[in-house]
Amino acid sequence: MGRNPLFNDLHVTQPRMWPMLPPLIVAMAVFFSCLFGIYTRPVGFLATFWPANAVMLGLFCRMPAAANPSGWIAGGIAFVAADLLTGSGLIKTLVLNGANLAGVAAAYLVYTRSPAARTGLREPASMLHLLLAAAAGGAAAGVVGGVANPLLFDGDVLGGWTLWFVTEFVNYVAILPIILSAPGWFTLRQGIEKTTALKTLDILPAAALILSFLAAALIGGPGAIAFPVPALLWCGLVYRVFPTAILTLLFVVLTLLVISTEYLPAQAYDEMTLISLRLGISLIAVAPIMLACVMQSRNDLLAELHHLATHDPLTGVSNRKAFREYAEKNLTDTRQRCAILMFDLDHFKSVNDTFGHAVGDKVLVAFTERVRACLRAQDLLGRLGGEEFAALIFECSESQVAALADRIRQEIRQPMTLDDGRTLAITTSLGIAIADPVNGRVFIDDMLSRADAMLYRAKTTGRDRSEMSMMSLVAAREA
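Cut-offs applied
Residues numbered from 1 in each chain as written. Predicted model: local features only at pLDDT ≥ 70, side-chain atom pairs only at ≥ 80, totals over all residues. Heavy atoms only, no water. Helix = DSSP H or I, 4+ residues; strand = E, 2+ residues; numbered from the N terminus. Buried < 20%, exposed > 50% of the residue type's maximum accessible area, 1.4 Å probe, protein only. Contact = heavy atoms within 4.5 Å. Areas by Shrake-Rupley, 256 points an atom, 1.4 Å probe, with all protein chains shown as cover. Pairing = 2+ DSSP bridges. Axes fitted to C-alpha atoms, helices over the stretch in contact; angles between N-to-C directions. Phe/Tyr/Trp six-rings, centres within 6.5 Å; stacked < 30°, edge-to-face > 60°. Core = buried A, V, L, I, M, F, W, Y, C linked by side-chain atoms within 4.5 Å.

Enquirer: Whenever I open this one, the overall build of the chain confuses me. Can you help?
Expert: Looking only at helices and strands, the chain features 18 helices and 7 strands. With 479 residues in all, the chain has 48% of them scored as buried. In the chain, the share of contacts with a sequence separation of at least 24, taken over all contacts with a separation of at least 6, comes to 74%. Accessible area of the chain: about 23,000 Å², with a carbon and sulfur share of 64%.

Below, the structure written as structure tokens:
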């Protein structure tokens, strides 16, 4: 399996980073995550929600350049500094943060050796590997916590291990999916640009989640913890992993903070009840994220199958069926002058006979690349079959189309260098049909037929030339 494409932005830019930048990022992220956990914890207790360990692990997984001795030292210093600056004693600080680092190290070793480290959260089984890493991190932290509990909190060893394990497990499950599924900068920018096109149905799952939070707050009781579950599952069905993970984290944080303030239900909790609630919250959080992984994998597969069904596998341009469907739809809607350019490589059979079909395939690929370079982004290029291609051009005048045809022929004439050092020069003939929808409806079959006739004329009158025809549309075909 290849590396998750969502990771590419980070990995590509790492070699250009200032060497101390990744450790600095880790230190700052861990420090402020610690402050969040410290200032939101109940007075006299350990933090209910402690994001620092999961943040550190996630950054190490997303930025391998940070997972070196300097990165670990920077993270450790951030842990200690946050505790000391907020009034913790030195011994307590060292013991607690020893548990933090032990948990991060164990989870890192398990996760980076799993298939999920290569694919990210793009496969349905990826969440299971994340759970194993979370369990390993929680168990390792629990070992230190089991020793620390009787020394620092007058508790027992088993209770300390259990509390540490569950707390760390919840934090990893809630936070890691966000960091591991977060898009790189360029992908994120594209996603932000697309948010202006959000449909009402895209907003409904998030709105339902907010309403479920309000219902839980108004009704209360132990069952209120499950109120958001249907909305979370709806989010997993509709959204990709990253936004689903953000909404799931919102659920976890709000629920844990409510529990820590003893608001839901309205009585104090004993230790085992708190452990049970925390573990239940983490397992609820797994379901929507795993569902989002399944749906994202399904949607990616459907998109890949659609691409294979609509594109030529050799050249990557639209195949004949997709070209006709796109052209027919857009010709129906347009009122702008448009043109079909039909190409045919001259003497292509002799290329296959002389150099072999492998070279012939390379010629076709090079041809499409050169034609694409001459077209605009809104123009469509398709392969109709064999060495015959067509381009659909909108908003063009006769002189612009003629200039485009000449430019394409000039580009195609440029010699190709073969693998054995020989050069190969090819030419192309073009047939052009121009139509003006203002004078009547345009039909793709009519334009292709006229362009094909012009192509035949170009080939029979010398090749490496273009022939153009302005179509007169028949009003009777508008019906």
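Enquirer: In this structure, what is going on with the sheet that holds strand S7 (residues 466-470)? I would like to understand it.
Expert: The strands that make up a sheet are held in pairs by hydrogen bonds between backbone atoms, and each pair lies either parallel or antiparallel. A sheet is described by the order of its strands in space; here 5 strands give the open sequence S2-S3-S1-S6-S7, paired in mixed fashion. Either end of the sheet is taken by a strand with one partner, and the two such strands are strand S2 (380-385) and S7. Here the average twist between neighbouring strands, direction ignored, is 20°. By the bridge criterion, 5 bridges tie S2 to strand S3 (residues 388-394) in an arrangement that is antiparallel. When the bridges of S3 are listed, Leu-380 appears paired with Leu-392. Against the sheet, helix H14 (residues 320-333) contacts strand S1 (338-345), S2 and S3, and its axis sits at roughly 20° relative to S3. Its contacts with the sheet place helix H18 (residues 444-460) against S1, S2, S3, strand S6 (428-435) and S7, and it is angled at close to 140° to S6.

Enquirer: Honestly, the packing of aromatic side chains in this entry has me stumped. Any pointers?
Expert: Aromatic rings considered in pairs are described by the distance between their centres and by the relative angle of their planes. Going through the model one piece at a time under the given rule, you end up with 8 aromatic pairs. Here the aromatic rings of Phe-31 and Phe-32 are separated by 5.4 Å at their centres, their planes lie at 80°, and the arrangement is edge-to-face. Residue Phe-32 is classed as partly exposed on the basis of its relative accessible area, which comes to 48%. When the centroid spacing of 6.1 Å and the interplanar angle of 80° are considered together, the rings of Phe-60 and Tyr-108 count as edge-to-face. Here Phe-60, found in helix H3 (residues 52-62), pairs with Tyr-108, found in helix H5 (residues 90-112); they are 48 residues apart in sequence, far enough to count as distant. Members of the aromatic cluster, joined through ring pairs, are Phe-60, Trp-72 and Tyr-108.

Enquirer: Please clarify how the environment of Lys-329 should be interpreted in this entry.
Expert: Along the polypeptide, Lys-329 turns up in helix H14. Once the C-alpha coordinates of Lys-329 and Phe-443 are considered, the two residues, 114 residues apart in sequence, prove to be 9.8 Å apart.

Enquirer: Where do I start with the pairing of S6 in this structure?
Expert: Consecutive side chains of a regular strand alternate in pointing toward one face of the sheet and then the other. Most of S6 is tucked away: 8 of the 8 residues are buried. The two faces of S6 match: Thr-428, Leu-430, Ile-432 and Ile-434 on one face and Ser-429, Gly-431, Ala-433 and Ala-435 on the other face are all buried. Here S1 pairs with S6 via 8 bridges, running antiparallel. Opposite Ala-339, over in S6, you have Ile-434 as the bridge partner.

Enquirer: So what exactly am I meant to see when it comes to the nonpolar core here?
Expert: Nonpolar side chains tend toward joint burial in soluble globular proteins. Ranked by size, the top nonpolar core spans 72 residues in total, and within it Val-30, Leu-57, Tyr-111, Tyr-172, Val-173, Ile-175 and Val-252 carry the most contacts. In contact with Tyr-172, other than residues within four places in its own chain, are Asn-53, Ala-54, Leu-57, Gly-103, Val-104, Ala-107, Leu-130, Ala-134, Gly-137, Gly-138 and Pro-177.

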